[in-house]
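Now for the letters of each chain:
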Amino acid sequence: MSSTSAAAAPRPAPGLAGPRRPSAYVRGSLWGLLVVLVASLLATLVWLAGRYEASQVQSRLERDTADAIGDIRAAFTRNVQTLQALQSGALAREAWTPEALRLLHEHREWIRIEWRDSSLGTLAWADTPFRPSVFLRLGRGNAQADVALACANGRRVSGPAYSSSYFLPQVDGLGLEVMELCLPLVTAGRLSGYVVATYSLSEILAGLVGPQLTRSQEVSFTEADGTRLALHGAARRGNRVFTAQQLLDLPGNTMVLRMDSWRGAPDLFPNVLTALVTTMSIALVSVLALLGKDMRLRQRVEQDLADALAFRKAMEDSLVTGLRARDLEGRITYVNPAFCDMVGFAGADLLGHGTPAPYWPPELADEYQKRQDVRLTGQHAPPREGFESVFMRKDGSRFPVLIIEAPLINQQGIQTGWMSAFLDISEQRRVEELSRASQERLQATARLATVGEMASLLSHELNQPLAAISSYASGSINLLKGGPHAVADIELAMHRIAEQAERAGKVIKSVHDFVRRRDQEREATAPQALLEAIMPLVNLQARKLGVQVQTLLQDGLPPVVCDRTMVEQVLLNLARNAMQAMDQAAAASPSLTIQVRRVGTQEQLAQGNKAWLEFSVTDVGPGIPESVKQQLFTPFFTTKAEGMGLGLSLCRTVVEQHGGFLGFEPNPPQGTIFRFTLPVATAEPAAPPT
Ligand code: ADP
């Protein structure tokens, strides 16, 4: 029902001023909002992805730092054990030094090991073999306070203790940060001395943490306030630095281990996640762009559709043809303004109305109902050229309409109803009636004119019987004078008088009949009868002009369907024209032939074409000159002084009204043949002959 329901939208709103649509401004701002939202969502996603990645790096760094602290602690504990092992053998001083040197060789983080007595006096010492003695510049005594503090601590806790770190300037202008470890030696529960090991902070970093560092990391010891004490690792810097710090608290000293890590620039796609998010964002933006494009396309199509609808509406409103659609149940689903004007009902009164429709005349409602039932069964398609019917206006007046119906087929090819177009043909009917009346008047005038022309012929024709009657009458009078023996002769004369009077009466009657006959009916008429009706009049003129008349009829001709009076006048006109032409040209032996024959081959008849009879009127007159041919059928064209020029034009009108054809051709060597055709009488109208 889609197509009908669309068409059925009640007037005056086929979807144009219908549902409210957002203005262009609102639609634009909605789109703007959407774009802004999507853009900010994407930016947030990218930022979150970046942050996530940063937090990953940060937590890895924290882990690394914690691991490094663990490593350092473990190494310190192992170192303490190593130093305890150095002293455990109660070594002689001479043997101590090489052992200490061996340890220094293994442990680069130590720069000096000292064996001190319980009052911190140095018993033996050894320097790292990897660098010149670091105490050259300031001398070892400078660090005595730090050592004493550490050892006091160690004594208190009975274990290793560390001093705070201090800077040792070197002879080459540089320097290094060092820290003392003091390990009290206890022999049989009594303090017997100390082992003091000096740690280089930078070597701790290089030896104990360094191997695990990546290229993009830097590790350092700082004080609590951030002052850097020692550093190890790459000096390169990226655009983004991550820092992790862990406290290294040793007995007597606390330091911060700080680890820096950085990422190189540029760093557009830092990792898979960000790349993924970026790709998805691009895809999202592309989809958004495509949607926008699609939207614009839709808008354009919508606009076109609105234009098309407006166009259709304007077209429907301007039509003078009434349009009506009905569904398959016979309910009205659509009417156009012209239809409403035609029947005088408002569209709202008609829409949805079933049968009987308000514009059906009550006396015809039954017939229309039957017609509609037949239509709705779909068995009989309505005639393409339409059919005539009568409708009733709201005020009760009737008017004729021409209805053209066609099935309403929807997009799926299914019939959803019927569409009908209506033409109010009352005006056409009025004009037709007028023209028929004037045509009739013209015909009657032409007939009278013909008779007028024939008045002299009539007087001539009537003269003969009248003269004969008068001579028989005077003969009879003479016979009466002669006595009663002449009764037989008088009787004969009276018979003759009666005969002649009858003849005169016939002549007058034929003229009377010709002028007066007015029946309009078309009827099956034998061609013979047509000829017989006109022959008395034809013969009148023929006798006067000395023309020889011949009629030729095929045997067994069927009757033709025609308006007798009209066709007789055609024949009479043609015969009269022929005789006058021959008379004017003073033809040597004027002759007129009226012939009737059947036309159409057997083949044409077999194809269902109807049979035709051809009437021809042949003369041996002067023929028709080229200049006259063009205007022959023009009304009021004549070459005769007393002619009206209506004969041939009326003849053609009459023949064509019967569906036939009137033409002429030369009759060699001399003369003209006029021919016309009439349909043979059958139930149905005939197709024109070929
Ligand atoms: P009218 O007879 O009053 O002149 P028609 O329409 O019958 O009017 O004829 C028009 C003209 O056609 C005639 O004036 C005549 O010149 C010409 N015409 C008609 N029939 C013939 C014919 N058989 N032979 C020659 N000319 C003819």
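So, a few notes on the structure that sits alongside this text. If you're wondering where the values come from, they're calculated on a predicted model, not measured in any experiment.

### Quick word on the packing of helix H12 (residues 527-545) against helix H13 (residues 564-584)
Then, number 1: At their nearest, the axes of H12 and H13 sit 9 Å apart, and the two run at 20° to each other. Judged on the interaxial angle alone, H13 and H12 are roughly parallel. Judged by the twist between their axes, the crossing of H12 over H13 is right-handed. For the pair H12 and H13, the contacting residues are Ala529, Leu530, Leu531, Ala533, Ile534, Leu537, Val538, Gln541, Ala542 and Leu545 in the first and Arg564, Val567, Glu568, Leu571, Leu572, Ala575, Arg576, Met579, Gln580 and Asp583 in the second.
Then, number 2: A class-by-class count of the residues in the contact of H12 with H13 yields 14 nonpolar, 2 polar and 4 charged.

### Observations regarding the packing of aromatic side chains
Then, number 1: Applying the stated rule across the entire model yields 14 aromatic pairs.
Then, number 2: These aromatic residues form a ring-pair network of at least three members: Phe339, Tyr359, Phe391, Phe399 and Phe422.
Then, number 3: Directly above the aromatic system of tyrosine 368 lies the positively charged group of arginine 371, at a separation of 4.5 Å from the ring centroid.
Then, number 4: Between the NZ or CZ atom of arginine 652 and the centre of the ring of phenylalanine 633, over which it lies, the distance is 4.3 Å.

### Re the site of the ligand
Then, number 1: Surveying the vicinity of the ligand reveals 19 residues, the closest of which are Asn577, Thr638, Thr639, Lys640 and Gly645.
Then, number 2: At 2.8 Å, a backbone N or O of glycine 645 approaches an oxygen atom of the ligand.
Then, number 3: Compared with its free state, where it exposes 540 Å², the ligand has 94% of that area covered by protein.
Then, number 4: Judged by its atoms lying within 2 Å of the grid points, the ligand is housed in the largest pocket.
Then, number 5: If you list the elements that add at least two residues to the shell around the ligand, you get H13, helix H16 (647-657) and strand E22 (672-679).
Then, number 6: The leading source of residues in the shell around the ligand is H13, at 3 residues.
Then, number 7: The class makeup of the residues in the shell around the ligand is 9 nonpolar, 8 polar and 2 charged.

The rules we used
- Residues numbered from 1 in each chain as written.
- Predicted model: local features only at pLDDT ≥ 70, side-chain atom pairs only at ≥ 80, totals over all residues.
- Heavy atoms only, no water.
- Axes fitted to C-alpha atoms, helices over the stretch in contact; angles between N-to-C directions.
- Helix = DSSP H or I, 4+ residues; strand = E, 2+ residues; numbered from the N terminus.
- Parallel < 35°, antiparallel > 145°, perpendicular 65-115°, else oblique.
- Left-handed = near helix turned anticlockwise from the far one by under 90°.
- Contact = heavy atoms within 4.5 Å.
- Nonpolar A, V, L, I, M, F, W, Y, C, P; charged D, E, K, R; others polar.
- Phe/Tyr/Trp six-rings, centres within 6.5 Å; stacked < 30°, edge-to-face > 60°.
- Lys NZ or Arg CZ within 6 Å of the ring centre and 35° of its normal.
- Near = heavy atom within 4 Å.
- Polar contact = N/O pair within 3.5 Å; in protein donor to acceptor, adjacent residues only side chain to side chain.
- Areas by Shrake-Rupley, 256 points an atom, 1.4 Å probe, with all protein chains shown as cover.
- 1 Å grid on protein atoms, 1.4 Å probe; cavity = no way out; pocket = protein on both sides within 12 Å on 5 of 7 lines; lining within 4 Å.
- Sits in = over half its atoms within 2 Å of the grid points.

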